[in-house]
Amino acid sequence: MKINQTQRIVLLSILTALTVVLGYIHVPTLTGFITLLDVGIFFTAFYLGAKEGAIVGGLSGLLLDLLLGYPQWAFFSLLFHGLQGYAAGWSGKGRILGLFLASIAMVGGYFIASVFLYNAASALDGLAGNLIQNAVGIILGSILAAAMTKVRKVAA
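Cut-offs and rules
- Residue positions are counted from 1 within each chain, in the order its sequence is given.
- Restriction of local features to residues with pLDDT of at least 70 applies here, the model being predicted, together with a cutoff of 80 or more for giving and counting side-chain atom pairs; totals for whole chains, interfaces and linings are based on all residues.
- The side-chain values count all of the structure's non-hydrogen atoms but skip hydrogen atoms and water molecules.
- Numbering of helices and strands runs from the N terminus, with a helix taken as a DSSP run of H or I at least four residues long and a strand as a DSSP run of E at least two residues long.
- Only protein chains enter the accessibility calculation, which uses a 1.4 Å probe; a residue is then buried when its area is under 20% of its type maximum, exposed when over 50%, and partly exposed in between.
- Axis definition: a line fitted to C-alpha atoms, over the contacting stretch in the case of helices. Angles run 0 to 180 degrees between N-to-C directions.
- For a crossing to be left-handed, the near helix must be turned anticlockwise from the far one by less than a right angle; the clockwise case is right-handed.
- Contact criterion: two residues are considered in contact whenever any of their non-hydrogen atoms come within 4.5 Å of each other.
- Residue classes follow a fixed rule: Ala, Val, Leu, Ile, Met, Phe, Trp, Tyr, Cys and Pro count as nonpolar, while Asp, Glu, Lys and Arg count as charged, and any other residue, Gly among them, counts as polar.
- Given the number of residues in a helix, its expected span is that number minus one, multiplied by 1.5 Å.
- Each Phe, Tyr or Trp ring (for Trp, its six-membered ring) is paired with any other whose centre lies within 6.5 Å, and the angle between the two planes then decides the class: stacked below 30 degrees, edge-to-face above 60, tilted in between.
- A score from 0 to 100, pLDDT tells how confident the predictor is in each residue.

## So, the environment of Ala54
Tracing the sequence through the fold places Ala54 in helix H3 (residues 50–68). Residue Ala54 is classed as partly exposed on the basis of its relative accessible area, which comes to 22%. Each C-alpha atom of the pair Ala54 and Ala87 lies 8.1 Å from the other, and the pair is 33 residues apart in sequence.

Right, here's the structure in full:
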């Protein structure tokens, strides 16, 4: 099924909103929080592709930080989660490399930003949480994308 530009914008808007809602499921930490935001980003990237993953990743990360009161992270989230979504959307033989780069973009990006915003100790403190958030996002996002692919095939 081919979708027009308006339908594409609506779909990405809905996925961004749903990803922000997933991000509201969060656990505060000393340097921020751990969320299910990455589940929505990885789902979008796996199911729709790199460009869509970048759009949903960047916008949802930015919006979540603004809504939860962490405006100092908003630009970083736009950049890091956007890169995460783009790299995760690679398919075929590039999928493993894409997942590795997506993980580096998010975990490494926040680590470096934490060093500049706070200090190295805070950056190390946030490292484990970001690794867990990223891993959960990959696992649940891939499960949801596989389920949606099966549902789509059955419905067709």
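## Here's the deal with the packing of helix H2 (residues 37–48) against helix H4 (residues 74–88)
Viewed as axis vectors pointing N to C, H2 and H4 meet at an angle of 35°, and their least axial separation amounts to 8 Å. The hand of the H2/H4 crossing is right-handed. Contacts between H2 and H4 involve Leu37, Asp38, Ile41, Phe42, Ala45 and Phe46 from the first element and His81, Gln84, Gly85 and Ala88 from the second. Looking at the contact of H2 with H4 residue by residue, the classes come out as six nonpolar, three polar and one charged.

## Some words on helix H5 (residues 95–117)
In this model, H5 (23 residues) spans 32 Å end to end at C-alpha, consistent with the 33 Å of a helix rising 1.5 Å per residue. Those residues of H5 that fall on the buried side of the exposure criterion are Gly98, Leu99, Ala102, Ser103, Ala105, Met106, Val107, Gly109, Tyr110, Ala113 and Ser114. If you follow the buried residues of H5, they end up packed against H2, H3, H4 and helix H6 (120–155).

## A closer look at the packing of aromatic side chains
This model, assessed by the stated rule, comprises nine aromatic pairs. Here Trp73 and Tyr118 contribute two aromatic rings whose centre-to-centre distance is 6.1 Å and whose plane-to-plane angle is 40°, an arrangement assigned as tilted. Of this pair, Trp73 sits in the loop between H3 and H4 while Tyr118 sits in the loop between H5 and H6; the two residues are 45 residues apart in sequence, bridging distant segments of the chain. Looking at Trp73, the relative accessible area reads 6%, which means it is buried.

## Quick word on the confidence of the model for the protein
Low pLDDT means the predicted coordinates in that region are not meant to be read closely. With 99% of its residues at a pLDDT of 70 or more, the protein shows a mean pLDDT of 93. Mean pLDDT across the secondary structure elements of the protein bottoms out at strand S1 (residues 26–29), with 79, and peaks at H4, with 98.

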